[in-house]
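Architecture at a glance
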Amino acid sequence: MESATAKLGIWVEGFWSVLPNLIVAVVVITMFVALALVLRIVTRRTFRRRGREDLGEMLADFVMWSMILVGLLIGLTIVLPTLNPGDLVAGLGVGSVAIGFAFKDILQNWLAGLLILLRQPFRRGDQISLGTIEGTVQRIEQRATLIKTYDGRVVVVPNADIYTQCITINTAHEQRRISIDVTVGYEHSVRSVQALINSALARVDEIKPTPAPQVLPWALGPTSLALKVRFWIESHRAAEVAAHARAVQAIKEAFQAHGIDPSDPQIVFTSRIEKPLDHYDAAQQAEAHPGTHDQQAPSPPPRVLAGVDDPEDERPRENRCGTTL
């Protein structure tokens, strides 16, 4: 009993002797924690003003936890003066190797996310395609990138997968080109069909006039000529959907107005002609004599509008400085 009391007395005496160092250590750690929080806020605001919000979030967390770790190490050396900081660093180095093996995937994704944010192949608001995943980038986090698909779901893709795979960035430029495949019978004049399709495309507002649309003879089939219709649109998904739908309808209505009807699901157009297509000069006549054929020209196809908050209509946002996020 006496030995236990003596041991307890030694502990109490040791506590009182260490208490001043413990108080100083708590104060130092508190100061470092406060400094870490301030640096985190400053880092986030600085990068947010520069339009690099995701990078600011990642670096802010890194700076905060680094400062807290430094404060804890200094606090330990204050409480235990006999503890050599070099031994702490060496022990931390050995421990970091073990932690690295244990959290390999986490660290790999973190580094991949940092490299993505530094190199910026894409940003928030960009519409990308990765394998079977296609949608709008919502944000780039420390472990993964969140992609909102066009059907309203969110896919969480690890940053390491994004960094090591091929990605198509659909909104990398303001405009991009899409194409539609059409086939017509050999009895039709290629030049007349080209003029007919170009005239139909001119009524679709979503199709950019420059670069001009192209109607190219593409392949010689056994019973028909394949044509590739190519035109430029705004790069976001909603413009692609609207332009594709309206262009198909405009071509179909133009063909139907001149007696060309599809004969099978592959859109192979036959030669049941009510008006000779070889004499079709509507596009040229409209340019030479505007207004003379307005009463015969079909009305433009109805507009295809994306619904409110439709994921397909998401576009890159503008930050306070006017740069695209």
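Everything below is about the structure printed above this text.
Residues numbered from 1 in each chain as written. Predicted model: local features only at pLDDT ≥ 70, side-chain atom pairs only at ≥ 80, totals over all residues. Heavy atoms only, no water.

Further remarks concern helix α6 (residues 190-201). With 12 residues, α6 extends 16 Å from end C-alpha to end C-alpha; this agrees with the ideal 16 Å at 1.5 Å per step. All of the buried residues in α6 are S192, V193, Q194, A195, L196, I197, A200 and L201. (Helix = DSSP H or I, 4+ residues; strand = E, 2+ residues; numbered from the N terminus. Expected span 1.5 Å × (residues − 1). Buried < 20%, exposed > 50% of the residue type's maximum accessible area, 1.4 Å probe, protein only.)

The next point concerns a positive patch on the surface. On the surface, R45, R48, R49 and R50 cluster together into a positively charged patch. Take R50: it is sitting in the loop between α1 (2-49) and α2 (53-79). For R50, a relative accessible area of 60% gives the class exposed. (Patch = residues over 30% accessible without salt bridge, like charges linked within 9 Å, V, L, I, M, F, W, Y side chains within 5 Å. Areas by Shrake-Rupley, 256 points an atom, 1.4 Å probe, with all protein chains shown as cover. Salt bridge = Lys/Arg side-chain N within 4 Å of Asp/Glu carboxyl O. Lys, Arg positive; Asp, Glu negative; His and termini not counted. Charge placed at Lys NZ, Arg CZ, Asp CG, Glu CD.)

The next subject is the pattern of salt bridges. One pass over the full model with this rule turns up nine salt bridges. Its salt-bridge partner being E240, residue R176 comes within 2.6 Å of it at the nearest N-O pair. Highlighted residues: R176 in strand β6 (residues 175-185) and E240 in helix α7 (residues 237-257), separated in sequence by 64 residues. For the residue pair R176 and E240, the accessibility class agrees, reading buried in each case. Residue R246 is joined to E206 by a salt bridge in which the shortest nitrogen-to-oxygen separation is 2.7 Å.

Counted under the stated rule, the structure contains one aromatic pair. Judged by centre distance (5.7 Å) and plane angle (40 degrees), the rings of F62 and W110 are tilted. Of this pair, F62 sits in helix α2 while W110 is found in helix α4 (residues 104-119), placing the two residues 48 residues apart along the sequence. Owing to a relative accessible area of 46%, F62 belongs among the partly exposed residues under this scheme. The exposure class of W110 is buried, given its relative accessible area of 19%. (Phe/Tyr/Trp six-rings, centres within 6.5 Å; stacked < 30°, edge-to-face > 60°.)

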